[in-house]
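Listed below are the residues making up each chain.
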Amino acid sequence: GAVGNALSRQVVDHYENPRNVGSLDRNAKNVGTGLVGAPACGDVMKLQVEVDENGKIVDARFKTFGCGSAIASSSLATEWVKGKTVDEALQIKNTDIAKELCLPPVKLHCSMLAEDAIKAALADYKLKQDPNKKEAEKKA
Amino acid sequence: FCPGCRALQPPGPRPDLFRLMECDRSFRIDVQQLQRRFRSLQRAVHPDRFGQRPPKEQFYSEQHSSLINKAYQTLLNPLSRGLYLLELNGVEPAQETDCDADSVFLTEIMEINEKLAEPKNEDILEEIETLIKVKQEELTKEVTAAFERDDLQEAKKLLAKMKYFANLEDKLKNKKIPS
């Protein structure tokens, strides 16, 4: 019905005033890039984080092509990861994102996509810090 | 229609859309035959033909007409046809987030999206339109082959890719509408 289709105030806000849209230098050693897609709806989401020497996320950017809820979820995700350590950011749950944005059940997968994007970006960052581990994993 | 009194009956529960349109349950279809069947079915059940009939039959005619529209649209479009076939075979469409394994593909989708988001440029739009069409044709061929050798998991993966391109196609159409 109408309630299910209406975008929440929070989602509209992120859609009209998205925070942190853009790109970071994916070749920089302290930048982690996560690129994820939702096959059921065809949304794509790129989330990048810049981490300082103390393991703290100092900058984040996103680019999302998809529905308003997906855009809002990734926008919120970039806001939330800033200032957190890598391990703290890994604790961000899709349910928290969905709650903050008042996402209806049919859009819960958008918040899941954002959580997956955060994890992918951080995994990429970690991999870049430890190239030896990468080589060892390749040889294994 | 009731064989005795020729009154229109309601559609059966959970109809098989392939059977309804008299098509073999396969990904490969004869589009012209599908269109002929669509037109002849609509001629028989369209609400315009039931203006003088009792309200119950008018209602059934609307249901039939809707169902035939739905069947036609589902089977005409390769993506929806493929997804429907998966459903009939008890295979759920892809739900898991695509990430590492598909980064080359996702990067490509991202790049096309970024180009589309740029200010309207006729030449670039044409380029993108051609690219999308070519990719969709390629994928349709691969999906046909996958279904033919009964590889439903591969069909599922390929249909997921088709979904991304279907979205791009919609965005392109919207971009071409004069603002």
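Everything numeric here is computed off the predicted structure, so don't read it as measured data.

Conventions adopted
- Residues numbered from 1 in each chain as written.
- Chains lettered and ligands numbered in written order.
- Predicted model: local features only at pLDDT ≥ 70, side-chain atom pairs only at ≥ 80, totals over all residues.
- Heavy atoms only, no water.
- Helix = DSSP H or I, 4+ residues; strand = E, 2+ residues; numbered from the N terminus.
- Rg over C-alpha atoms; globule rule 2.2 N^0.38 Å.
- Buried < 20%, exposed > 50% of the residue type's maximum accessible area, 1.4 Å probe, protein only.
- Contact = heavy atoms within 4.5 Å.
- Areas by Shrake-Rupley, 256 points an atom, 1.4 Å probe, with all protein chains shown as cover.
- Lys, Arg positive; Asp, Glu negative; His and termini not counted.
- Charge placed at Lys NZ, Arg CZ, Asp CG, Glu CD.
- UniProt positions renumbered as here; feature names shortened; annotations may be inferred.
- Polar contact = N/O pair within 3.5 Å; in protein donor to acceptor, adjacent residues only side chain to side chain.
- Core = buried A, V, L, I, M, F, W, Y, C linked by side-chain atoms within 4.5 Å.
- Expected span 1.5 Å × (residues − 1).
- Buried area = accessible area lost by both parts, 1.4 Å probe.
- Salt bridge = Lys/Arg side-chain N within 4 Å of Asp/Glu carboxyl O.
- Nonpolar A, V, L, I, M, F, W, Y, C, P; charged D, E, K, R; others polar.
- Pairing = 2+ DSSP bridges.

Caption draft 1: Seen up close, the overall build of chain A. Helix and strand counts for chain A come out as 7 helices and 3 strands. N-terminal to C-terminal, the α/β element order of chain A is α-α-β-β-β-α-α-α-α-α. A globule of 140 residues ought to have a C-alpha radius of gyration of about 14 Å, and chain A, at 15 Å, matches this closely. Overall size of chain A, expressed as C-alpha extent along the three principal axes, is 55 × 30 × 25 Å. Residue burial in chain A is summarised as follows: out of 140 residues, 47% are buried. Looking at chain A alone, contacts between residues at least 24 apart form 61% of all its contacts between residues at least 6 apart. For chain A, the computed accessible surface area is about 6,900 Å², with 51% contributed by carbon and sulfur atoms. Here chain A carries 20 positive and 19 negative side-chain charges, and the mean point of each set is 2 Å from the other.

Caption draft 2: Spatial organisation of the UniProt feature "domain: J" (unreviewed entry) in chain B. The UniProt record annotates "domain: J" (unreviewed entry) at residues 16-88 of chain B. Between the end C-alpha atoms of residues 16-88 of chain B there is a gap of 9 Å, over a span that is 71% helix and 0% strand.

Caption draft 3: Summary view of the side chain of Asp-16 of chain B. Residues and elements named next belong to chain B. Mapped onto the fold, Asp-16 is located in the segment before α1 (17-20). Polar side-chain contacts of Asp-16 include one of 3.1 Å to the backbone nitrogen of Arg-19. Setting aside residues no more than four positions away along its own chain, Asp-16 makes contact with Arg-25, Tyr-84 and Leu-88.

Caption draft 4: Spatial organisation of the nonpolar core. The biggest cluster of nonpolar side chains holds 46 residues, and the ones touching the most others in it are Met-21, Phe-147 and Phe-165 of chain B. Of all the secondary-structure elements, those providing two or more residues to this core are α1, α2 (31-45), α3 (55-76), α4 (78-88), α5 (103-117), α6 (122-148) and α7 (152-176) of chain B. In terms of residue count, the dominant contributor to this core is α7 of chain B (10 residues). Leave out the neighbours within four places in its chain, and Met-21 of chain B touches Leu-34, Arg-37, Phe-38, Leu-41, Ile-68, Ala-71, Tyr-72 and Leu-75 of chain B. Val-36, Met-45, Val-81 and Ala-117 of chain A belong to the second largest nonpolar core, which has 31 residues in total.

Caption draft 5: Quick peek at α7 of chain B. Helix length check: α7 of chain B (25 residues) gives 35 Å between terminal C-alpha atoms against 36 Å at 1.5 Å per residue, within 8%. Inspection of α7 of chain B places Leu-152, Ala-155, Leu-158, Leu-159, Ala-160, Met-162, Tyr-164, Phe-165, Ala-166, Asn-167, Leu-168 and Leu-172 of chain B among the buried residues, and these make up the whole buried set. Those residues of α7 of chain B hidden inside the fold are in contact with β1 (31-38) and β2 (43-51) of chain A together with α4, α5 and α6 of chain B.

Caption draft 6: Focus on the interface of chain B and chain A. Counting from both sides, the interface comprises 19 residues of chain B and, opposite them, 16 residues of chain A. Across the chain B/chain A interface, buried area totals approximately 1,400 Å², and carbon plus sulfur atoms make up 67% of it. It is Thr-97, Met-110 and Tyr-164 of chain B that lose the most area in chain B upon contact with chain A, and together they represent 37% of the buried surface on that side. Here chain B and chain A share 1 salt bridge between them. Here Lys-63 of chain A and Glu-114 of chain B are joined by a salt bridge, their closest N and O atoms 3.0 Å apart. Seen at the junction of chain B and chain A, the total is 6 residue pairs in polar contact (both at pLDDT 80 or more). Of all the secondary structure elements, the ones that give two or more residues to the side of chain B that touches chain A are α5 and α7 of chain B. Considering every element that reaches the side of chain B that touches chain A, the biggest residue donor is α5 of chain B, with 8 residues. Across the side of chain B that touches chain A, the residue classes tally to 8 nonpolar, 6 polar and 5 charged.

Caption draft 7: Highlighting the environment of Lys-163 of chain B. Residues and elements named next belong to chain B. Tracing the sequence through the fold places Lys-163 in helix α7. In this structure Lys-163 comes out as partly exposed when scored by relative accessible area, which is 23%. Between the C-alpha atom of Lys-163 and that of Gln-9, which follows or precedes it by 154 residues, the distance is 37 Å.

Caption draft 8: Summary view of the pairing of strand β3 (residues 57-65) of chain A. Residues and elements named next belong to chain A. Here β2 runs beside β3; their pairing, made up of 8 bridges, is antiparallel. Directly across from Leu-47, in β3, lies its bridge partner Phe-62. What sits between β2 and β3 in their antiparallel hairpin is a turn of 5 residues, with Gly-55 showing a positive phi close to 80°.

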